[in-house]
Amino acid sequence: MTFFRAEDLAVEFGGIRAVEGVSFEVRPREVFTIIGPNGAGKTTIFNVISRIYEPSRGRLIFQDREITRVPPDRIARLGIARTFQNIELFEHGTVLANLLTGRHVHRTTALAEELLFLPRVRRSERRHREKVEEIIDFLDLPKYRDSVVRSLPFGVRKVVELGRALALEPTLLLLDEPSSGLNVEETDDMAFWIEDIQKLRGITVLMVEHDMRLVSRVSDRVIALDYGRVIAEGTADQVQRHPDVVKAYLGG
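Below: a short report on this structure.

How each quantity is defined
- Residues numbered from 1 in each chain as written.
- Predicted model: local features only at pLDDT ≥ 70, side-chain atom pairs only at ≥ 80, totals over all residues.
- Heavy atoms only, no water.
- Pairing = 2+ DSSP bridges.
- Helix = DSSP H or I, 4+ residues; strand = E, 2+ residues; numbered from the N terminus.
- Axes fitted to C-alpha atoms, helices over the stretch in contact; angles between N-to-C directions.
- Core = buried A, V, L, I, M, F, W, Y, C linked by side-chain atoms within 4.5 Å.
- Buried < 20%, exposed > 50% of the residue type's maximum accessible area, 1.4 Å probe, protein only.
- Contact = heavy atoms within 4.5 Å.
- Phe/Tyr/Trp six-rings, centres within 6.5 Å; stacked < 30°, edge-to-face > 60°.
- Salt bridge = Lys/Arg side-chain N within 4 Å of Asp/Glu carboxyl O.

Pairing within the open sheet is mixed, and its six strands lie in the order β6-β7-β8-β3-β9-β10. Two strands in the sheet have a free side with no partner beyond their single neighbour: β6 (80–82) and β10 (229–234). Each neighbouring strand pair of the sheet contributes to a mean axis angle of 20 degrees, computed without reference to strand direction. Two strands pair when backbone bridges link them, and strand β7 (residues 172–176) and strand β8 (residues 204–208) are joined in this way by five bridges, in the parallel orientation. Residue L172 lies in a different strand from β8, and its bridge partner there is T204.

As structure tokens, this is what we get:
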């Protein structure tokens, strides 16, 4: 079975190719990382997978199903969740409320039932709350459960966004620059969460990342992009030592 595969992806903006002929395959329960200098096309690929951008060419296959033209609102229902480089949370809501928004794809009750708060709705709400409380414990967030997000340190908000993505119960988790804005200690904590998400929860991770220390610690396989093209693929060590990758980062 093909878990996830991108085939010959190309994305064009006003005649400029941001991504050109990118292909890669992600295996179940691995951490697969995309690296590259700024402007290499990494987040553009994430936006194509999330169906924010339309590809000019190519296909996306997820669990043996083509999703290239699947509407954006259905991507989450297929089991694909995402975090963002710039945190996208409801700042005036609590941590608990933000995580509960990640449960929206699992709601099965009708509007009329919810307005009347029928027993079926109450049972459903308890199940959603239990799932979210489990994630709060998993990510060591109990002391922040009732805190308003805007009052929290940046590093904690990063973990809350990760928790909201996990609340969706994804099989494929897209992490866009998870260490962005974090200090060394917070980055180490993020690496710990990623390892546990992979090993303990069995979730496949597709990650875009600049911090090569984090990449080396958690990644099973890595591809490097430059000017929208794949220039190297292999282990983190192999890719970092590849002459085209060294040239892309350092010039020459």
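And the narrative resumes.
This paragraph deals with the nonpolar core. L139, L162, L166 and L173 are the most contacted members of the largest nonpolar core, which has 38 residues in total. When contributions to this core are tallied by element, the ones reaching two or more residues are α3 (95–101), α5 (119–138), α6 (154–167), β7, α7 (184–199), β8 and α8 (212–218). Looking at which element gives the most residues to this core, the answer is α6, with seven residues. Apart from residues lying up to four places away in sequence, L166 is in contact with I135, F138, L139, L173, I197 and I203. Core analysis: the next-biggest nonpolar cluster, separate from the first, contains 28 residues, F3, V26, A40 and I67 among them.

Counting across every chain of the model gives six aromatic pairs. When the ring of F4 is compared with that of F24, the centres are 6.2 Å apart and the planes differ by 40 degrees; the resulting orientation is tilted. Within this pair, whereas F4 is found in strand β1 (residues 4–13), its partner F24 is found in strand β2 (residues 16–26), the two being separated by 20 residues in sequence. There is no split in this pair, since F4 and F24 are both buried. When the ring of F24 is compared with that of F32, the centres are 5.4 Å apart and the planes differ by 20 degrees; the resulting orientation is stacked. Of the two residues, F24 and F32, neither departs from the other in class, the shared state being buried.

Below, the discussion takes up the pattern of salt bridges. Scanning all chains against the criterion turns up 21 salt bridges. With a shortest N-O distance of 3.3 Å, R221 and E233 are connected by a salt bridge. With R221 in strand β9 (residues 221–226) and E233 in strand β10, the pair connects residues that are twelve residues apart, well separated along the chain. Accessibility expressed as a relative area gives 13% for R221, which makes it buried. According to the relative accessible area criterion, E233 is partly exposed, its value standing at 46%. Between D237 and R241 there is a salt bridge, with the nearest N and O atoms lying 3.0 Å from each other. With D237 and R241 both in helix α9 (residues 236–241), this residue pair falls four residues apart, about one helical turn. D237 sits in the partly exposed class, given a relative accessible area of 44%.

Purely geometric stuff here, so don't read any function into it on its own.
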